[in-house]
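# A look at the structure
This is what each chain is made of:
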Amino acid sequence: MQADDPSDRPKDGPAETRPALRDPERTSAAILDAATREFAEKGFGGARVDSIAARAGTNKRMLYHYFGDKEALYLVVLEEAYGRIRDAEMTLDLGRRDPEEGLRELALFTWRYFVAHPELISLLNTENLLRARFLKGSRRIRKMHAHLVDQLASVLDRGARSGVFATGLDPLHVYLTIASLAVFYLSNQYTLSVIFDRALGEEAQLAAWEKHVVHVVLASVRAAPG
């Protein structure tokens, strides 16, 4: 595992000898927000604790006080990023929706969430380049995703029993279809815009792809006619 850059380690000094714990929740949140932006923009290797502390309006000693070190902070950033999208998904209440409506809403939600949170795609790309080195050490990550799979499995099962969806669908495959349609488009929009001479980041293009995402997802799970 990569060690911290020497410049990222706390140094003793008169101004940093005692953390100012006047508002720990606000300070912690500011550090986490700053770290999210730093890691999203520069990746794990390029991010610097000095820069994160400056963005948060604090100092390195405070950062280490709340989060331990750069590696620990990066893992918290990943966990929180995943946690936010999973928490937001819970508001869809898929278990009480008509199966087709529920799957449509999940597809729309996932696409719109990634559009609104490009930092999540950057963090995912970074962690994939690292082959999930940090996520493998997370105690939270698998637990927070179990609910999504269970909810989606319930939607697919109810849809199959009503004859709307095909039987035997794997909920993970269905979710990967949704996520792939969202993430591939957004993470490659700049290169694809040049290659195909179409401004894929324009509002009209995004809206057209949103409709396509819903169409493809629903078409992929519907039961065959007859």
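Described in the following lines is the structure provided in the data block. The model shown is predicted, which means the values in this text are computed figures rather than measured ones.

Conventions we followed
- Residues numbered from 1 in each chain as written.
- Predicted model: local features only at pLDDT ≥ 70, side-chain atom pairs only at ≥ 80, totals over all residues.
- Heavy atoms only, no water.
- Helix = DSSP H or I, 4+ residues; strand = E, 2+ residues; numbered from the N terminus.
- Buried < 20%, exposed > 50% of the residue type's maximum accessible area, 1.4 Å probe, protein only.
- Contact = heavy atoms within 4.5 Å.
- Core = buried A, V, L, I, M, F, W, Y, C linked by side-chain atoms within 4.5 Å.
- Expected span 1.5 Å × (residues − 1).

Attention now moves to the side chain of Thr-27. Considering the arrangement of structural elements, one finds Thr-27 in helix 1 (residues 24-46). In this structure Thr-27 comes out as buried when scored by relative accessible area, which is 18%. Residues within four places of Thr-27 in sequence aside, it is in contact with Thr-58, Met-62 and Tyr-66.

Moving on, we come to the nonpolar core. Within the largest apolar cluster, 61 residues are counted, with the highest numbers of intra-cluster contacts made by Phe-39, Ile-52, Leu-73, Leu-103 and Phe-114. Among residues more than four places away in sequence, those in contact with Leu-73 are Ile-31, Ala-35, Phe-39, Ile-52, Leu-63 and Phe-67.

Before going further, it helps to spend a moment on helix 6 (residues 118-129). A rise of 1.5 Å per residue sets the reference length of helix 6, with its 12 residues, at 16 Å; its end C-alpha atoms lie 17 Å apart and thus fit the reference within 8%. Next to the buried residues of helix 6 lie helix 1, helix 4 (70-90), helix 5 (99-116) and helix 8 (171-187). Following helix 6 by one or two positions, Arg-131 has its phi on the positive side, about 60 degrees.

Right, let's talk about the environment of Asn-59 for a bit. For Asn-59, the position within the fold is in the loop between helix 2 (49-56) and helix 3 (60-67). Between the C-alpha atom of Asn-59 and that of Ile-31, which follows or precedes it by 28 residues, the distance is 9.6 Å.

These results come straight from atomic positions and should not be treated as a statement about function.
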